[in-house]
Amino acid sequence: GNDGIKINDPYTTQGIIGQGMYFADATGDKFDLDTTMEFNDNVDWTVSTWVKTSETGTQSIMSNQSGGPASNAFRIMSNVIAYYHYDGSWQTELGASTVTDGEWHHLVWANDGNTQTLDMYVDGVLDADNVASDVTNTGPVNRIGSDWGNNSLTGTMDDLRVYYNTLTSDEIQRLYNATRPS
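Residues numbered from 1 in each chain as written. Predicted model: local features only at pLDDT ≥ 70, side-chain atom pairs only at ≥ 80, totals over all residues. Heavy atoms only, no water.

K.L.:
Is there a simple way to think about the packing of aromatic side chains in this case?
P.N.:
Pairs of aromatic rings are described using the distance from one ring centre to the other and the angle between the two planes. Summed over the entire model, instances satisfying the criterion amount to 13 aromatic pairs. Ring centres of F23 and F31 lie 6.1 Å apart, and the angle between their planes is 75°; on these two criteria the pair is classed as edge-to-face. The buried category is assigned to F31, whose relative accessible area is 18%. Feature note: the residues F39, W45, F74, Y83, W109 and Y164 constitute an aromatic cluster, connected by ring pairs. (Phe/Tyr/Trp six-rings, centres within 6.5 Å; stacked < 30°, edge-to-face > 60°. Buried < 20%, exposed > 50% of the residue type's maximum accessible area, 1.4 Å probe, protein only.)

What follows is the structure, encoded as structure tokens:
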């Protein structure tokens, strides 16, 4: 339900489900949303997407345009799924499975607002659980494919979804199975 403004030239290419978007880090490809989404630590939410990359640097899937007051960045860092958040200082929560192998991977960040913890999934499997999700402000997100710095995605993204509830592990597994290639 959010419209975005294409910056530079991310282009349509073959995705996991029909067409996806290719982002080239060298040109700063991204989409800026005209509506800011809020990802507070004390509410339930889930972000999921398919990503195909072989770039090993830090890459942001979704974040804030300006860097302040940024509280959330959904990323790939050190070759794994990552959640970068601000709770008075910047915190990095990392998964364990390599996702920068040039193959398609389904990445999910699922926040439990009651416990202020986040579970991260790769390809339908829990990859990091109960990591802290504390943020010190409203956690605005209004950019896709990059962040406020030079941490841009270099690769293809498809089927980006935002839910304002916490998907269960069974729901995440069903989503993965329903959208993965056979």
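K.L.:
Looking at this model, I keep getting lost on unusual backbone geometry. Mind explaining?
P.N.:
For residues besides glycine, phi is generally negative; the peptide bonds are generally trans as well. In this structure, N8 takes a positive phi of about 65° despite not being glycine. By secondary structure assignment, the location of N8 is in the loop between β1 (4–7) and β2 (11–14). Although it is not a glycine, Q116 adopts a positive phi angle of roughly 50°. Examined against the element boundaries, Q116 turns out to sit in the loop between β10 (104–112) and β11 (117–122). Using a relative accessible area of 27% as the deciding quantity, one classes Q116 as partly exposed. (Helix = DSSP H or I, 4+ residues; strand = E, 2+ residues; numbered from the N terminus.)

K.L.:
How should I be thinking about the pairing of strand β4 (residues 30–38) in this particular structure?
P.N.:
Here is the key point about a regular strand: its side chains alternate between the two faces of the sheet. In the sheet, β1 pairs with β4 via 4 bridges, with the strands oriented antiparallel. Along β4, the bridge assignment pairs K6 with F31. (Pairing = 2+ DSSP bridges.)

K.L.:
I would appreciate a short explanation of the side chain of T100 in the present structure.
P.N.:
With respect to the secondary-structure elements, T100 resides in the loop between β9 (90–94) and β10. A distance of 2.9 Å separates a polar atom in the side chain of T100 from a polar atom in the side chain of N79. Sequence-distant contacts of T100, defined by excluding residues within four places in its chain, comprise T53, S54, E55, T56, Q59, I76 and N79. (Polar contact = N/O pair within 3.5 Å; in protein donor to acceptor, adjacent residues only side chain to side chain. Contact = heavy atoms within 4.5 Å.)

K.L.:
Teacher, can you tell me more about the nonpolar core here?
P.N.:
The nonpolar side chains of soluble globular proteins are, as a tendency, buried together. Ranked by size, the top nonpolar core spans 28 residues in total, and within it I61, M62, F74 and W109 carry the most contacts. Ignoring any residue separated from it by four or fewer positions in sequence, one finds F74 in contact with F39, W45, V47, Q59, S60, I61, M62, A82, Y83, W109 and V141. Judged by nonpolar contacts, the second largest core, of 6 residues, contains V108, Y121, L167 and I172. (Core = buried A, V, L, I, M, F, W, Y, C linked by side-chain atoms within 4.5 Å.)

K.L.:
What is the right way to look at the sheet that holds strand β3 (residues 19–23) in this model?
P.N.:
Pairing between the strands of a sheet comes from backbone hydrogen bonds, and it takes one of two forms, parallel or antiparallel. If you walk across this open sheet you meet the 7 strands as β2-β3-β14-β5-β10-β11-β12, and the pairing is antiparallel. Each end of this open sheet is capped by a strand with a single partner; those strands are β2 and β12 (125–132). Here the strands of the sheet are splayed against their neighbours by 30° on average, with no regard to which way each runs. In the sheet, strand β5 (residues 45–52) pairs with strand β14 (residues 155–163) via 6 bridges, with the strands oriented antiparallel. Across the sheet, the residue bridging to T46 is Y163, located in β14. (Axes fitted to C-alpha atoms, helices over the stretch in contact; angles between N-to-C directions.)

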